[in-house]
Structure formats: structure tokens, C-alpha cells
Amino acid sequence: MKRRDFVRLGWATIIATGAGKLQTAFGEPQGLHQVPAPTQHRMAPLEPKAGAADFNLQIAPMLVELAPQVIISTIGYNNKVPGPLLRMREGQRVTVDVVNDTDVPEYVHWHGLFVPSEMDGAEEEGTPPVPPHGRRRYQFVARPAGSRWYHSHTAAMMDLHRGSYTGQFGFLMIDSGNDPGHYDQEVFLALREWQYFLSTKDQDEMVADPNDPMPEKPANPDLRPNGLEVSAPLYSINDKILGAGEPLRVQPGQRVLMHLLNASASQIHRIGLFGHHFQVIALDGNPVPSPQLVNVIEIAPGERVDAIVEMNLPGVWILGELRDAARQSGLGIVVEYANHAQPRPQWLPPANAHWDYTIFGKSVPHPPPDQTIDMVFEKVPGGPHGINHWLVNGKEYPHEREFVFRQGLRYRLVFHNRSDDSHPLHIHRHLFELVEINGKPTAGIKKDTVIVPAFGRATVDLLADQPGLTLFHCHIQQHMDFGFMALFRYA
Ligand SMILES: [Cu+2]
């Protein structure tokens, strides 16, 4: 029997025996950060005191009990996965002291924040590391408001126990102070895999959807055999395998605000909850012009989706990954209505699994850009170590010359994905606005990470207003480590 089959059977058994109520052997019994809707007193300002940090993070080896008898070893923040929720006010000056109790230099990246290069947590931008067995203070002004996150930004290369392969990630919320709070509870759900390994089999759904227009498909595709890809046998939401943690307990009629984060190093995920709709209100933490009801949320490494789910179908359900293999290996959480204890949570595939960013936008013309920058991405299959390498405009990172922004100008970046995988492309320290995905126009959607479909094209507009070195990369750790990265500098 393959290891994965064993794991799958194991979880099927756990779920069948209603292990949603099992207490864990150690640590906090809740795998779910579950907090009530905001009230005024929770928004009380955290004024930095002289010398004392607002937040303290300790990077150290730790154990994660994904389920009873399933304990893995990783590296995390403050002995928690996800790390502590860092909640701050927009405009607040924030001090974070980071202690690194590991043998290697680390970087903490503040994903989606407008912070200077030397604080951003990226070696390529010139941020100093948190030295091994040393400490470093990060200081920045918290902005913009919304669902942000923090994570390790260390290169892992062939070591699948470094960088984003570890448990070094956490939610970071910047409150604007004008959250109307039209919800009854707020939950934080980070999607993850564990025990990464290399395989010739591609596990996720990054391959081209045959119905896509594929405007960037080359006439003569590269037919060399594909290199090793990163796979995983175990999945979780936060630190618990489906059925092993506390269920998400709801009441009929409740509105639950879900902050979804894909903290995976390698996989795009699709999430559904039978009989319920997700009202998507923000993408990457930024409110969308047209909140829409969808049955399925697609979310790539680095992305966040904020959605409100109205609980109007009493029962015991699985909120989980659409792919059976991923869900049965742990990617899900039980949603339990009050007074509906039933031994076996139900999974039924949701209807209409199509995900399309553009439906959350509006239709207004974009002002013409000052300059257009074309970026072409290609795969070199199975290079050194049997790993695919990645080219940006014909070259692997580092490039002899950076891309150049001039402050105050509006840039149109055109992402040409000439590979057979989808890639979540992320730019540091800036937001961009979606202009077009595979020829479909939209406006008003601000993001910091966008999935460019396999053989597809995405166009975004960006205002160059954050001087300093700016890193751009695919958020799949293996892709960024093997070439899929570029630097922008300001002229
Ligand atoms: Cu990629």
C-alpha cells in the first residue's frame, strides 16, 4: 500500500468515528482561531512603548499535532501554527521583535504591506536577516488596511524543511476602524500541506483548463520530460487535519466571516461547502467593487479571500478541498450547526466550480498607462537536479539588469505565461489592479498576487509610489527558488 493510500484510509476512519470532538494530547485544543465580531474595545490602540515591542516572534523548531498519533516536526513562530494573529490599526507604528532560535538566517516577510525594502523581509531587496540564534527588530507603519499575512521568505532550494515548506506563517490583520462588522463570528482558516516530497507526479490542478482560451500557448511546445514537482501526503486547515480539530460551530442564520489564506508552498486549492454560498467581499485583503456569491473559492499560494457565509442549511458539513485526495488527506474542517450532532459530517461536491476574478470587478475604462512592461515566463523542463527551471524574459533570476520604475508613473505589466502550469505571481510592497485575464476585462480589483492561468495572460496596472527595491516572483517556493523571480528598482 502506498503511504498516501494509508493516510487516506486513516483519515476516512477518523472522520467516520466523529473525531471532530477529540481533544488533542497537548497544546491548545482548538485548531481554529475563532473570535467574535469586533467591538470598539477590541480596537483599542496599541501605543508603542519605549523599548518594548508591540509583538514578539520566536522562530524555533516545534511539533505540530495534526491529529492524534500524527505529530510532525517543523519550524514555526511562537510554537504555534499558524503563528500568533498580529492585529493592528491602520497607520499604527508597529515594532516586531524576532528571535531566531534556529541555525540558519531567516527573513520575515510582511506580505501585502507597504513597507520599506530594508524592513520587507526579502534578502533580494536588501533586508538584513534575523541571524541564526540572534534577533532583529522590524519596524513599520501598518498599511494598507485588510487581511495581510507574514511568512518566511528564505530560499529553500532542494531543502524541503526551509522557507515556506515550514510552519513559519501567520495572519496579520490591519483594521481600518470602519469595519461595519456585519457578521456574527470571524474565523481564520489557513490552507496547508505538510511533509513535502519530490515526485514526478503533479498533484494539483495547475494544468491548463481545456476550456481556457490559452492565448500564450506556443505553436511548438517544449516536449522534454517534466522535472520533479513538490507534493505532499498530509493536508490541514490551520494545524488540524479534517476531523481532528474542533469543528466550526455555527447557529442557523449566522453570518460567518471567513478569512481564507493559502499558506501552501506549492498548491492552488479550491474550497467548497455544500449548500452554502461564499459572498466574496475582499481579495488579498482589498474590498472588491462587486461582492458576489460563489459556490467555490479558488485560492493560490500567497492569496487571501475574505468571504461571508450565511449559515442556512442546518446539519454537519465538511468545508473542504474539492479534490477527493486532498480533502481525504486532511484539507477541510467540519462545520457543525448547534443541536445537530451527527456522527458523520457530509461532503457533497458543490455545483459550478468555476472561479473567475473578473466577476468581482466593475466595468470602467482604465486610464492609459505611462508605460507597458511585457514579462514572458517559460519553463525549462527537468534541468539540474531534475528540477524545472524558470525564465523571466529569457533569463533565470538574477538578471544582469533589473526592471525599472520611475516614481509616480503608472505601469501596465503584461504577464505572458508560456508554461503549462498556472502561477500565482506576487509583487512586494505594492498593490496592482487587474486589467484583464485571458482577454476578459475588469477594473477595481486590487491585489498583490494573481493567478496567471496555464498558457494564459494577465494584465495588471501598478502605480509606482513605493521607492526601493521591489521583488517580483511566483509564490510557489520551488518556482521562485529556481529562477522565477525578478527585481524592480526605482530610477
Ligand atoms: Cu510558479
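Residues numbered from 1 in each chain as written. Predicted model: local features only at pLDDT ≥ 70, side-chain atom pairs only at ≥ 80, totals over all residues. Heavy atoms only, no water.

**Focus on unusual backbone geometry**
In step 1: The peptide bond linking Val81 to Pro82 adopts the cis configuration, its omega dihedral lying at -10°.
In step 2: Within the secondary structure, Pro82 sits in the loop between β3 (70-77) and β4 (86-89).
In step 3: Between Arg143 and Pro144 the backbone carries a cis peptide bond, its omega angle lying at 0°.
In step 4: By the element assignment, Pro144 lies in the loop between β7 (135-141) and β8 (146-152).
In step 5: For Asn339, which is not glycine, the phi torsion reads 60° and is therefore positive. (Helix = DSSP H or I, 4+ residues; strand = E, 2+ residues; numbered from the N terminus.)

**Remarks on the coordination of the copper ion**
In step 1: Protein coordination at the copper ion comes from His423 (ND1), Cys474 (SG) and His479 (ND1), with a distance range of 2.0 to 2.1 Å.
In step 2: Along the chain, the residues that donate to the copper ion are spaced as H-x50-C-x4-H. Of this pair, His423 sits in strand β27 (residues 423-427) while Cys474 is found in strand β33 (residues 470-474), placing the two residues 51 residues apart along the sequence.
In step 3: Taking relative accessible area as the criterion, His423 reaches 1% and is therefore assigned buried. (Donors = N, O, S within 2.8 Å, 3.2 Å for Na, K, Ca; no water. Buried < 20%, exposed > 50% of the residue type's maximum accessible area, 1.4 Å probe, protein only.)

**Thoughts on the sheet that holds strand β34 (residues 485-490)**
In step 1: With mixed pairing, the five strands of this open sheet are ordered in space as β25-β34-β33-β27-β31. Each end of this open sheet is capped by a strand with a single partner; those strands are β25 (403-405) and β31 (449-452). The mean inter-strand angle of the sheet, taken between neighbouring strand axes irrespective of direction, is 25°. (Pairing = 2+ DSSP bridges. Axes fitted to C-alpha atoms, helices over the stretch in contact; angles between N-to-C directions.)

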